[in-house]
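Chains, contacts and geometry: an overview
Given next are the chains, with one letter for each unit.
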Amino acid sequence: MESKSCNNFISYVGLEEHELQPLGSSRRNSLCDNNIKLLPGEALITKAQRVLMFSPVGDQNQGTSGVLFVTNFKLSFVTTEETDGEDVARQQNHLYGYMDTCLTNIEDIYVTVGDKRRKLVPGNTVPSKVKGIFITCKNLRTWSFSFKFSPIGDGKNVLQTLLHHAFPSGHNLLFGYDYREAYYSSLDKGVRLFRDISDWQNELERTVRNEKLRKSWRLSIANVDFKLCSSLSRYVIVPDSVTDNQLMDAAKCFQGNRPPIWSWSSSRGAALVKMSELSPLVTNRKQENVMFENVRKSHPQKMQPFVLELNKGINAKLIAAAFSKFAVLCCPENIRQFWLQDNNFYSLLENTKWLKYVSYCLQKAVEACEHLHSGSSVILQEGAGTDLCCVISSLVQLLMDPYFRTINGFQSLLQKEWIAGGHPFCDRLGHIAQRTSEKSPVFLLYLDCVWQLIQQFPAEVEFTETYLTTLWDAAHVSIFDTFVFNCEKDRSAAATDPEKPFVLRSVWDWREQFSDQDILLFYNPFYNSRDATDKGMLKPLYSIPTLELWTQCYFRWIPTLEIRNGGRNHIELYARLLRNDVNQLKMCLNGNCGSPTIKSNSYSVPMNIDSFYPFSSKKSGNTVSAPIMNSSILATESLLEAQSLITAAD
């Protein structure tokens, strides 16, 4: 950070949204008067001087002094302590820093009244004197600030600003609509977004290689204008025996107008199908039976499909309630609460039911896999068909299809089943403040299930837990279209809005956020990339005693739990070093030992890392680094044509 002496602070407190203007390009990257770096379109709203920030679960009598800023994108704390030259061994995001949090990541805000805290929501009266605030985030990070030494009114201004901007009342108030950075996509061509008809056609051909079996299904354009269903993609794959007119008539009988839609097929022609339940107003099950019959006709042996009902004992509201209790274990307010919870941790964990729901999802996925493996088609049926259907269908495909265990395959899977499939991310992640709360971390539940697979099958998945944790963080950045819309219809409407268009930036374009060195940590050094035909179905253990806690994601913000220079991630680190040595030997055998391309495709990875690396909450101090070669250059025909980790061919 630069440090210049200038006085150009402008307060935007009290101004309405339409009065907020972005700072000019000549000023947006300046760092004056302890100001912060602003993205194009980001506007500084208010700040508080001489703020004390307290460490999570730390001593509330010893805080770090700094300046607290609020923009229309983030909350940022700039410490007055000297940090230049500090060797930081943690993930570096191009869009926001370690001492920042996106406003869309803020879950709850509490005002400190004596030794107690009172939760505030938009519309609440803000005290005239605000001595301190406590903030919890959706990714379980907490922030504790004191305005004891701040100028009068600074605390109140910050609190009012946060209540107004962290809980927007309309979708067009999200920062993604104001972000003015030009976008030149570097998205890997291997990632399918399933917006074009060709992606659906290619997916059908990839999974159903037998042309005769493929003819049992067809690509329908009945929803090209979203007249069939507002939450489905423009293109859907349905049984060949169903005409578009029949599909339109049948859809009216199902919740959300979501009739049976194809997701995936096994090599034997057994299909995985998703659908919603009948509308409560429909008492005649004729249309449901007709659609079941069409799915049966699409089977090579005309076998009756197995219907797996997913609405018994679990739903979005129960998942939200479970996570709310679980979050209390991950966000203790003070050291006393931490130790009290620690004494009864496992009983408290059991009472949350979080792992129970992880177990349930894995169990249902295995059950569906067994039916598909035996040759039966499976129909996943759930209320609206947009929550657990997404979880189970994408888990099933991950277990049965090795392609989806690669990074590009996994990202394509999420695009197909979650984004194109109409999971209401905007509602579930709480991007917009609503009176009737529909928030629920259904996506996090899925990521937890995937993490369990990584633990049980460490050589079968190309991506790491660091990738999954980063993905959960990215879900709360309103710059990317991937997780801020409920469906493709909303996404399309926002992108073509003549007054305020939303630029579609895919979260899978990881270079928008990270350097190649950080992206390197997304790739699993244990991954065995043998031919996909040799890889069979994965069958994970799903009983609660066999499950583990995803500590990197859930506990990384609690310094008390961090192991200095220790933890299981050292195993992964040394695996990278061994893989690096193997790659170096391969290069030497090919006569390329001194190639400059090898040096340009290597990165220094710190050796002295802590257990939550690369999300360590502690200063790293002096680290010993080792060069790790980008192994993707082995996949190219010529070293001179070697590409980066992201653009290299599979």
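The text that follows walks through the structure, step by step, so that each part is easy to find. (Residues numbered from 1 in each chain as written. Predicted model: local features only at pLDDT ≥ 70, side-chain atom pairs only at ≥ 80, totals over all residues. Heavy atoms only, no water.)

**Let's talk about the overall build of the protein chain**
So the rule is basically this: A run of H or I in DSSP counts as a helix once it spans at least four residues, and a run of E counts as a strand once it spans at least two, with each numbered from the N terminus. Residue exposure (1.4 Å probe, protein chains only): buried if accessible area is under 20% of the type maximum, exposed if over 50%, otherwise partly exposed. Only heavy atoms enter the contact rule, under which two residues are in contact if any of them lie within 4.5 Å.
Counting its secondary structure elements, the protein chain contains 19 helices and 16 strands. Taken over 650 residues, the protein chain has a buried fraction of 56%. Look at the contacts in the protein chain between residues 6 or more apart in sequence, and 72% of them connect residues 24 or more apart.

**Notes on the state of the cysteines**
Each disulfide consists of one covalent bond between the sulfur atoms belonging to two cysteines. Condition: Cysteine sulfur atoms that come within 2.5 Å of each other are treated as a disulfide pair.
All chains considered together, the criterion is met by zero disulfides. Note on Cys102: no disulfide assigned, nearest cysteine sulfur contributed by Cys137 at a separation of 9.4 Å. When its relative accessible area of 3% is taken as the criterion, Cys102 is described as buried. Here Cys330 is not cross-linked by a disulfide; its sulfur's nearest cysteine counterpart is in Cys331, at 6.0 Å. The exposure class of Cys330 is buried, given its relative accessible area of 2%.

**What to know about the environment of Ala271**
Relative to the assigned elements, Ala271 resides in strand β12 (residues 271-276). Sequence-distant contacts of Ala271, that is, excluding residues within four places in its chain, are made with Trp217, Trp262, Trp264, Ser265, Leu372, Ser377 and Val378.

**Quick word on helix α15 (residues 488-495)**
Counted only if it meets this: Taking the helix axis as origin, the arc is that swept by the directions to the C-beta atoms.
For α15, the set of buried residues is Glu488, Arg491 and Ala494. Projection of α15 onto a plane perpendicular to its axis shows the buried side chains occupying an angular sector of 130°, all on one side.

**Observations regarding the sheet that holds strand β1 (residues 44-54)**
For clarity, the threshold we go by: Any two strands between which DSSP finds at least two bridges are classified as paired. Lines fitted to C-alpha atoms define the axes, with helix axes restricted to the stretch in contact, and inter-axis angles between N-to-C directions lie between 0 and 180 degrees.
Strand order in this open sheet of eight strands is β4-β3-β2-β1-β8-β7-β5-β6, and the pairing throughout is antiparallel. On the outer flanks of this sheet lie β4 (100-102) and β6 (116-120), each paired with one strand and no other. Across this sheet, the average inter-strand angle for adjacent strands is 30°, counted without regard to direction. Note: β1 against strand β8 (residues 142-146), three bridges, orientation antiparallel. Opposite Leu52, over in β8, you have Ser146 as the bridge partner. Against the sheet, helix α1 (residues 154-165) contacts β1, β2 (64-71), β3 (74-79), β5 (106-113), β6 and β7 (132-137), and its axis sits at roughly 120° relative to β1.

Geometry only, nothing functional implied.
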